[in-house]
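# What the coordinates show
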Amino acid sequence: MDQLAEHFWAGCAAGELLFQRCVDCNQVQFYPRGVCLHCGSEHVEWKVSRGVGTIFSLTRVERAPNDSFRALVPYSLALIDLDEGFRIMAHANPQLKIGDRVRATFFNHDNLALPRFEPT
Amino acid sequence: MAYLSGTFCSPFGRHGGSTAINLMATAARGALRDAELKPPQIDGLLTGYATTFAHLMLANVLAEHCGLQPDYCHAIQSGGASGLTMVMLARELIRSGRCKNVLVVAGENRLTGQTRDMAIQALSQVGHADYEVPFGPTVPAYYALLAARYLHEHSLSEADLAEFAVLMRQHAATHPGAHQRDAIAIADVLASKPIATPLKLLDCCPISDGAAAIVVSIEPTAKTSVRIRGSGQAHRHQHVSQIVDINATGAKAAADLAFQEARVDRGRIEYLGIYDSFTITLMMLLEEIGFAERGEAAAKIRNGDFSKQSSQPLNTHGGLLSYGHCGVAGGMAHLVEAVRQLSMNAGERQISEREWAYVHADGGVMSAHVGLVLQREK
């Protein structure tokens, strides 16, 4: 895991969903990089998301990749469009549907605080 | 000019006691025999990768094992697109004058060389290590996220997806080398074990052992004169969470380049070899590339289109969904079948005489696209 990813996951542990915004061109990006993908500026800053967005897609996983996740089966993975203008993968409440409005919560799994989205 | 002068595809399924290298060596010998070439005539060698044998110099290992001493030799990695990427590169090596006969090989004991968990875990690493893999996804889950959204946007159902599984199984039933040949119905697909909604077990290709090889040559052989007339690639993203528009994954862009180069329209195509790791893969590729209107591919199957008797038969070997999937060679099987059909060498599966074919593969999660336009010279 690189330093940017460590910073992102430390944010999750503190209950904050972090993303980046370019100081020069204002473009939002996720996942974090050392430069702005839009204008190439190195002046990218961390921002804290309100954690509110919309479900873009959702799947209920019945076949886990390993023992650690087998304990959670079935669990729902989602792609969420955050209101600030970026998309992330996260866990989600299994009752949710595409288009539903959601808000981020966090739960601990394998030493990480994983974002899990719940109905607003 | 670059001709597909020799092909080989092993039966896919369970090859207990096999290794990646001996599967690849068998395929290499088979393609050389088919092309009627001797090892010293091979001046280029390209290989894929094997999840069961992660060697730093796989192509060199195979060259030595097979007694080949090529002037140009390396492995490449582009997921499921690797096979067609290698064939595209082989053609460029022929056209530049660098090589006269390039052997393209892939094979792997993906089923028996590791546990199912090891295979599933290794494959899930195509996701982002820091921002996707920590959530416990699998490759079916990545494609399920695409499938759920695609069905939603285009008002399609799981029964529509099931059409592709049933058609591939019908085609596999007539190929003795296919991994899965027992007939299935739509209801069987819908009732199969849930994997990652909306995908069930029969929406997913099996994990197989197997190998394939293709020789690309400057000259045709007496038996076959199928040429590569156009090729194209497109790469828009790697990870599913980074796809901007699921209706523009790069598939059409790659195909457009191939068709422009071949100076032929999609309507001239008389055979299709389209990558089908999941039912959703086949639906999205056919519709984005333009072999079906958006949301209409399943309805076309119900109408008899894409069958062996149709004007555009699709994956007559059974595709990844039923012929099987052993990694890089899985994506080459579509091309091997296309060459055999165009050359009238498909035995009991032979369709009526055709001139033009289009073959397409994707690697990752609709990430790396390669398309080839083929023509049989008269």
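Everything that follows concerns the structure shown earlier in this document.
The structure reproduced in this document is the subject of the present report. (Residues numbered from 1 in each chain as written. Chains lettered and ligands numbered in written order. Predicted model: local features only at pLDDT ≥ 70, side-chain atom pairs only at ≥ 80, totals over all residues.)

### Side note on the overall build of chain B
The secondary structure content of chain B amounts to twelve helices and eleven strands. Relative to its length of 378 residues, chain B is compact, with a C-alpha radius of gyration of 19 Å against a globular reference of 21 Å. With the principal axes as the frame, chain B shows a C-alpha extent of 55 × 45 × 40 Å. Considering chain B as a whole, with its 378 residues, one finds that 61% of them fall into the buried category. Taking the contacts inside chain B whose residues are at least 6 apart along the sequence as the reference set, 79% of them involve residues at least 24 apart. (Helix = DSSP H or I, 4+ residues; strand = E, 2+ residues; numbered from the N terminus. Rg over C-alpha atoms; globule rule 2.2 N^0.38 Å. Buried ≥ 20, exposed ≤ 12 C-beta atoms within 10 Å, placed from the backbone. Contact = placed C-beta atoms within 7 Å.)

### Brief notes about the overall build of chain A
Of the regular secondary structure elements, chain A holds two helices and eight strands. Its helices and strands in sequence order give chain A the pattern α-β-β-β-β-α-β-β-β-β, from N to C terminus. What you see for chain A is a C-alpha radius of gyration of 15 Å, in line with the 14 Å of a compact globule of 120 residues. Taking all 120 residues of chain A together, the buried fraction comes to 33%. Nonlocal contacts in chain A, meaning residues at least 24 apart in sequence, comprise 46% of its contacts between residues at least 6 apart.

### So, the nonpolar core
Of all hydrophobic cores here, the largest spans 161 residues; its most connected members are B:Val104, B:Ala212, B:Ala213 and B:Ile214. Residues within four places of B:Ala212 in sequence aside, it is in contact with B:Phe8, B:Cys9, B:Ala27, B:Ala106, B:Gly107, B:Ala329, B:Met332, B:Ala333 and B:Val336. (Core = buried A, V, L, I, M, F, W, Y, C linked by C-beta atoms within 7 Å.)

### Here's the deal with the packing of helix H8 (residues 251-262) of chain B against helix H9 (residues 279-289) of chain B
All names here are of chain B. Packing of H8 against H9 brings their axes to within 8 Å, and their N-to-C directions diverge by 50°. Considered as vectors, H8 and H9 are oriented oblique to each other. In the crossing of H8 with H9, the sense of the turn from one axis to the other is right-handed. Of the residues in H9, those touching H8 at Ala-251, Lys-252 and Ala-255 are Leu-285, Glu-288 and Ile-289. (Axes fitted to C-alpha atoms, helices over the stretch in contact; angles between N-to-C directions. Parallel < 35°, antiparallel > 145°, perpendicular 65-115°, else oblique. Left-handed = near helix turned anticlockwise from the far one by under 90°.)

### So, the interface of chain A and chain B
Across the contact, 27 residues belong to chain A and 25 residues belong to chain B. Elements with a contribution of two residues or more to the side of chain A that touches chain B: strand E4 (52-61), strand E5 (75-82), strand E6 (86-92) and strand E8 (112-119) of chain A. Broken down by element, the residue count for the side of chain A that touches chain B peaks at six residues, all from E4(A). Grouping the amino acids of the side of chain A that touches chain B by side-chain chemistry returns 19 nonpolar, four polar and four charged. (Nonpolar A, V, L, I, M, F, W, Y, C, P; charged D, E, K, R; others polar.)

### Regarding the sheet that holds strand E2 (residues 28-29) of chain A
Residue and element names in this part refer to chain A. As summarised here, the arrangement of the three strands in space is E2-E1-E3, forming an open sheet in which the pairing is antiparallel. Sheet topology places E2 and strand E3 (44-48) at the edges, where each strand pairs with a single neighbour. Strand direction decides the pairing type here: strand E1 (residues 18-22) and E2, joined by two bridges, are antiparallel. Along E2, the bridge assignment pairs Arg-21 with Val-28. (Pairing = 2+ DSSP bridges.)

### Notes on the environment of B:Leu23
All names here are of chain B. Within the fold, Leu-23 resides in helix H1 (residues 20-35). Here the alpha-carbon distance between Leu-23 and Gly-324, two residues 301 residues apart in the chain, equals 15 Å. Excluding anything up to four places from it in sequence, Leu-23 contacts Ser-10, His-15, Ser-18, Gly-107, Glu-108, Asn-109, Asp-209, Gly-210 and Ala-211.

### Comments concerning the packing of helix H6 (residues 158-172) of chain B against H9(B)
The relative placement of two packed helices comes down to the angle between their axes together with the axis-to-axis distance. All names here are of chain B. Two numbers describe how H6 lies on H9: the axes approach to 8 Å, and their chain directions differ by 100°. Here H6 is positioned roughly perpendicular relative to H9, judged by the angle of their axes. Facing H6, whose interface residues are Leu-161, Ala-162, Phe-164 and Ala-165, H9 presents Thr-279, Ile-280, Leu-282 and Met-283. Of the residues that constitute the contact of H6 with H9, the class distribution is seven nonpolar, one polar and no charged.

### Here we look at helix H12 (residues 328-342) of chain B
For H12(B), with 15 residues, the first-to-last C-alpha span of 22 Å sits near the 21 Å given by 1.5 Å per residue. Across the 15 residues of H12(B), 15 count as buried, placing the element largely inside the fold. (Expected span 1.5 Å × (residues − 1).)

### Here we look at helix H3 (residues 82-95) of chain B
Residues and elements named next belong to chain B. Relative to the 20 Å expected for 14 residues at 1.5 Å per residue, H3 spans 20 Å between its end C-alpha atoms, a close match to the ideal helical length. For H3, the tally of buried residues reaches twelve of 14 residues, placing the bulk of the element in the interior. For H3, the full list of buried residues reads Ser-82, Gly-83, Leu-84, Thr-85, Met-86, Val-87, Met-88, Leu-89, Ala-90, Arg-91, Leu-93 and Ile-94. Looking one or two residues past H3, Gly-97 carries a phi angle of roughly 90°, positive in sign.

### Quick notes on the pairing of strand E3 (residues 72-75) of chain B
All names here are of chain B. Of the two faces of E3, only one is covered, namely that formed by Cys-73 and Ala-75; the face formed by Tyr-72 and His-74 stays uncovered. As judged from the four bridges shared by strand E2 (residues 44-47) and E3, these two strands associate in the parallel manner. By the bridge assignment for E3, Thr-47 is matched with Ala-75.

### Digging into unusual backbone geometry
With an omega of 5°, the peptide bond between A:Phe30 and A:Tyr31 qualifies as cis. Structurally, A:Tyr31 can be placed in the loop between E2 and E3. For the bond running from B:Thr197 to B:Pro198, omega is 5°, close enough to zero to count as cis. Among the structural elements, B:Pro198 can be located in the loop between strand E5 (194-196) and strand E6 (199-200). Phi is positive for B:Asn315, which is not a glycine, with a value near 45°. Mapped onto the elements, B:Asn315 comes out in the loop between helix H10 (297-302) and helix H11 (319-323). Residue classification places B:Asn315 among the buried residues on the basis of 28 C-beta atoms within 10 Å.

### Description of the environment of B:Arg263
All names here are of chain B. Checked against the element boundaries, Arg-263 lands in the loop between H8 and strand E9 (272-274). Note on Arg-263: 9 C-beta atoms within 10 Å, which makes it exposed. In the structure, Arg-263 is positioned 34 residues away from Arg-229 in sequence and 8.4 Å away in space, judged by C-alpha atoms.

Scope: geometric values only; no functional claims are made or implied.
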